[in-house]
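Below are the chains, spelled out letter by letter.
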Amino acid sequence: AATGVATLVLLVGLLYLALRYLVIHPVSELTRGMAEIRRGNLDASLKAAPGAALFARNELADLTRAFDEMRKQVKSSREEMQRHNQGTVMLYRLMMKITSSLDMDQVLVTIAEGARTLLGTDIGAVGLVEAQTSLVVKATSGARTTLLNGISIPIPDPSSPGAAVQPFVLDQ
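Owing to the predicted nature of the structure, the values given are computational and were not obtained by experimental measurement.

## Section: helix H3 (residues 104-119)
Turning to step 1, where the next piece is worked out: For H3, spanning 16 residues, the distance from its first C-alpha to its last is 22 Å, which sits close to the expected 22 Å at 1.5 Å a residue.
Turning to step 2, where the next piece is worked out: Those residues of H3 not exposed but buried are Val107, Leu108, Thr110, Ala112 and Gly114.
Turning to step 3, where the next piece is worked out: Along its buried surface, H3 packs onto helix H2 (59-99), strand S1 (123-130) and strand S2 (134-142).
Turning to step 4, where the next piece is worked out: Two residues or fewer after H3 comes Gly120, characterised by a positive phi angle close to 65°.

Dropping the structure here:
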């Protein structure tokens, strides 16, 4: 009888350890990770607890991976939405600045600055087509852009064979 009780206690102890390692700990880890995400921490990755890795097909591990994939998608969507919102705000500010001035030169410089900022480039330039024959740089923004002001780029006649704007090199 004592052997049976000892065996039962041993089995209950092993069952408790197995449940703790295979179920309770993985669920606690998933709950901890989800609480981080609920607080807005989308960098808190969810990893299956070590016990979940013992089995190739484990529902808790599958659930954890699914939640982590969803976290990554939400983070990516949030970042994309923030970039879009920043661009929209920048365009709005640019339009407010453009419409507040009647000075054509200032409007063109504002457009060049806005384009440079929105596109993340070092230099921004605005050119106007003159007499359908050339594109003349009227406004610039960025370092050393004064070299560009007034440059005229010929526009070929579109009806001539092989017509294309030819590349040019700006010599200092």
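## Brief notes about helix H1 (residues 2-38)
Turning to step 1, where the next piece is worked out: Relative to the 54 Å expected for 37 residues at 1.5 Å per residue, H1 spans 51 Å between its end C-alpha atoms, a close match to the ideal helical length.
Turning to step 2, where the next piece is worked out: Helix geometry: H1 is bent most strongly at Arg20, by close to 40°.
Turning to step 3, where the next piece is worked out: Among the residues of H1, those classed as buried are Pro26, Leu30, Gly33, Ala35 and Ile37.
Turning to step 4, where the next piece is worked out: Considering only its buried residues, H1 is in contact with H2.
Turning to step 5, where the next piece is worked out: Two residues or fewer after H1 comes Gly40, characterised by a positive phi angle close to 100°.

## Observations concerning the pattern of salt bridges
Turning to step 1, where the next piece is worked out: Summed over the entire model, instances satisfying the criterion amount to seven salt bridges.
Turning to step 2, where the next piece is worked out: For Asp62, the salt bridge identified is with Arg65, shortest N-O distance 2.6 Å. Of this pair, Asp62 and Arg65 are both found in helix H2, three residues apart, which corresponds to roughly one turn of the helix.
Turning to step 3, where the next piece is worked out: Taking relative accessible area as the criterion, Asp62 reaches 23% and is therefore assigned partly exposed.
Turning to step 4, where the next piece is worked out: In this structure, the salt-bridge partner of Lys138 is Glu130, at a minimum N-O distance of 2.8 Å.
Turning to step 5, where the next piece is worked out: Because the salt bridges share partners, they merge into one network encompassing Asp68, Arg71 and Lys72.

## Topic: unusual backbone geometry
Turning to step 1, where the next piece is worked out: You will see that Ala131, though not glycine, has its phi angle at about 55°, which is positive.
Turning to step 2, where the next piece is worked out: Secondary-structure assignment places Ala131 in the loop between S1 and S2.
Turning to step 3, where the next piece is worked out: Its identity is not glycine, yet Gln132 carries a phi of approximately 60°, on the positive side.
Turning to step 4, where the next piece is worked out: Structurally, the position occupied by Gln132 is in the loop between S1 and S2.
Turning to step 5, where the next piece is worked out: A residue is classified by how much of its surface remains accessible, and Gln132, at 70% relative accessible area, is exposed.

What counts and what doesn't
- Residues numbered from 1 in each chain as written.
- Predicted model: local features only at pLDDT ≥ 70, side-chain atom pairs only at ≥ 80, totals over all residues.
- Heavy atoms only, no water.
- Helix = DSSP H or I, 4+ residues; strand = E, 2+ residues; numbered from the N terminus.
- Expected span 1.5 Å × (residues − 1).
- Buried < 20%, exposed > 50% of the residue type's maximum accessible area, 1.4 Å probe, protein only.
- Contact = heavy atoms within 4.5 Å.
- Bend = angle between axes of the 7 residues up to and from the residue.
- Salt bridge = Lys/Arg side-chain N within 4 Å of Asp/Glu carboxyl O.

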